Amino acid sequence: MIVVTGATGNVGRPLVEILAARGEDVTAVSRGEAELPPGVAHRTADFTRPETLDAAFAGADRLFLLTLDHSLDIAAILKAADAAGIGRIVFLSSERAVTRPSVETQAFENAVTASGLEWTLLRPGGFASNAIPWAAETIRARREMIMPFGDVGLPLIDPRDIAEVAAAVLTEDGHTGRAYLLTGPALVTPRQQAEAIGAAIGEPVAFTEQTREAAFEQLLQYWPAEIVEGSLDVIGAPNRAELHVSPEVERLLGRPATSFAEWAKRNAAAFR
């Protein structure tokens, strides 16, 4: 059985759908209730309360682990996984573990790699889906996208591509001890994102450049301050490694990574 944590999120939700469609025995874990595909079991658990994890992990042999909160006791989570008999863990980390390593990020990765479990690290770059919390409201209201750093491009990745890679790593052999850097197929700027979303919804979307300070306050609604600060550093002044377009999605899935324009078409309803 495969346990998917963060099962209601941008990666966890499609991962559950992909695994269920392939006939895998999958259990979705989240802190609250969740709408899931038929046949998918759901268990509630809270990483801040490790005592809830024994029941959440019971019967599993593989685990997809997703957490952005570096204040958590990662050792307790991994101990619960080991006690449950889980043998393989796929950990969703971040490209910043190698492009801008921090003590917290490295500590989490080191804990996973030293856990004694079979492990694979996924290190995605920026998510295409970040355009929704950032700009969907203003696009729906007045066809305007407000973001910082309008002409700085990054190889944004479709979260569903991450989920497909995770599904492959969880169900195939040959990935133990590997770390995969995952990006989209090309650099795309916020200004180009506005153009792509406009094309997807069939109406022009104006672009207005936002200050870093305003962006910080806005994103605090969704992510911890540490994540927001680090994300703004990357999108405002990416280093050479963060501009690199990785071939791993295509190599692992046998198809090109999804472009931002394709992601926008699939998610056009969020902006209409």
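Provided above is the structure to which this section pertains.
Residues numbered from 1 in each chain as written. Predicted model: local features only at pLDDT ≥ 70, side-chain atom pairs only at ≥ 80, totals over all residues. Heavy atoms only, no water.

Chemist: Would you explain the packing of aromatic side chains in this entry?
Modeler: The description of an aromatic ring pair rests on the distance of the ring centres and on the angle between the ring planes. A complete count under the given rule lists three aromatic pairs for this structure. Ring centres 6.4 Å apart and planes at 45 degrees place the aromatic pair F91 and F108 in the tilted group. Of this pair, F91 sits in strand β5 (residues 88-92) while F108 sits in helix α5 (residues 103-113); the two residues are 17 residues apart in sequence, bridging distant segments of the chain. Under the relative-accessibility criterion, F91 is labelled buried at 2%. Given the relative accessible area of 4%, F108 is considered buried. A centroid spacing of 5.3 Å and a plane angle of 40 degrees characterise the contact between F260 and W263, whose relative ring orientation is tilted. With a gap of three residues between them, F260 and W263 both fall in helix α13 (residues 260-266), about one helical turn apart. Under the relative-accessibility criterion, F260 is labelled buried at 6%. A residue is classified by how much of its surface remains accessible, and W263, at 2% relative accessible area, is buried. The structure contains a cluster of three or more aromatic residues connected by ring pairs, namely F260, W263 and F271. (Phe/Tyr/Trp six-rings, centres within 6.5 Å; stacked < 30°, edge-to-face > 60°. Helix = DSSP H or I, 4+ residues; strand = E, 2+ residues; numbered from the N terminus. Buried < 20%, exposed > 50% of the residue type's maximum accessible area, 1.4 Å probe, protein only.)

Chemist: So what exactly am I meant to see when it comes to the environment of L252 here?
Modeler: With respect to the element layout, L252 can be found in helix α12 (residues 248-253). For L252, a relative accessible area of 15% puts it in the buried group. Put simply, L252 and R140 are 112 residues apart on the chain and 36 Å apart in space, counted from C-alpha to C-alpha. The residues touching L252, leaving out its near neighbours within four places in the chain, are V165, H175, Y180 and L182. (Contact = heavy atoms within 4.5 Å.)

Chemist: Would you mind going over the pairing of strand β2 (residues 26-30) with me for this structure?
Modeler: Put simply, side chains in a regular strand alternate between the two faces of the sheet. Along β2, five of the five residues are buried, which leaves the element largely enclosed by surrounding structure. Along β2, one buried face is formed by V26, A28 and S30 and the opposite face, lined by T27 and V29, is buried too. With four bridges connecting them, strand β1 (residues 2-5) and β2 associate as parallel partners. Bridged to V4 within β2 is A28. (Pairing = 2+ DSSP bridges.)

Chemist: I'm lost on the nonpolar core in this one. Help?
Modeler: Generally speaking, a soluble globular protein has its nonpolar side chains buried in company with each other. Judged by nonpolar contacts, the single largest core of 33 residues is most densely connected at I139, M145, I197, L232, F260 and F271. For this core, the secondary-structure elements that each account for two or more residues are α6 (131-142), β7 (144-147), α8 (190-201), α9 (212-219), α10 (225-236) and α13. When sequence neighbours within four positions are dropped, the list of residues in contact with I197 reads A131, I139, M145, V205, F260, A264 and F271. Judged by nonpolar contacts, the second largest core, of 29 residues, contains A28, V40, I162 and L182. (Core = buried A, V, L, I, M, F, W, Y, C linked by side-chain atoms within 4.5 Å.)

Chemist: What is the right way to look at unusual backbone geometry in this model?
Modeler: Comment: phi is negative for the bulk of residues other than glycine, and the bulk of peptide bonds are trans. Even without being a glycine, R143 presents a positive backbone phi close to 55 degrees. Mapping R143 onto the fold places it in the loop between α6 and β7.

Chemist: Help me understand the sheet that holds strand β8 (residues 178-182), please; the structure alone is not making it clear to me.
Modeler: Sheets are built from strands that pair by backbone hydrogen bonding, the pairs being arranged parallel or antiparallel. Spatial strand order, β3-β2-β1-β4-β5-β6-β8: seven strands in an open sheet with parallel pairing. The open sheet is flanked by β3 (41-44) and β8, the only strands paired with a single partner. Geometrically, the sheet is characterised by an average inter-axis angle of 20 degrees between neighbouring strands, direction not taken into account. (Axes fitted to C-alpha atoms, helices over the stretch in contact; angles between N-to-C directions.)

Chemist: Please explain the pattern of salt bridges as it appears in this structure.
Modeler: If the charged atoms of two oppositely charged side chains come close together, the side chains can form a pair. Inspection of the entire model under this criterion finds 19 salt bridges. E109 is paired through a salt bridge with R123; the nearest N and O atoms lie 2.7 Å apart. One end of the pair, E109, is in helix α5; the other, R123, is in strand β6 (residues 118-124), and 14 residues separate them in sequence. With a shortest N-O distance of 3.3 Å, R143 and E203 are connected by a salt bridge. Here the residue R143 occupies a position in the loop between α6 and β7, and E203 occupies one in the loop between α8 and β9 (206-209), the gap between them amounting to 60 residues. For R143, a relative accessible area of 18% corresponds to the buried category. Taking the relative accessible area as the measure of exposure, E203 reaches 38% and is therefore partly exposed. Taken together, the shared-partner salt bridges in this structure form one network comprising E17, R160, D161, E164 and R255. (Salt bridge = Lys/Arg side-chain N within 4 Å of Asp/Glu carboxyl O.)

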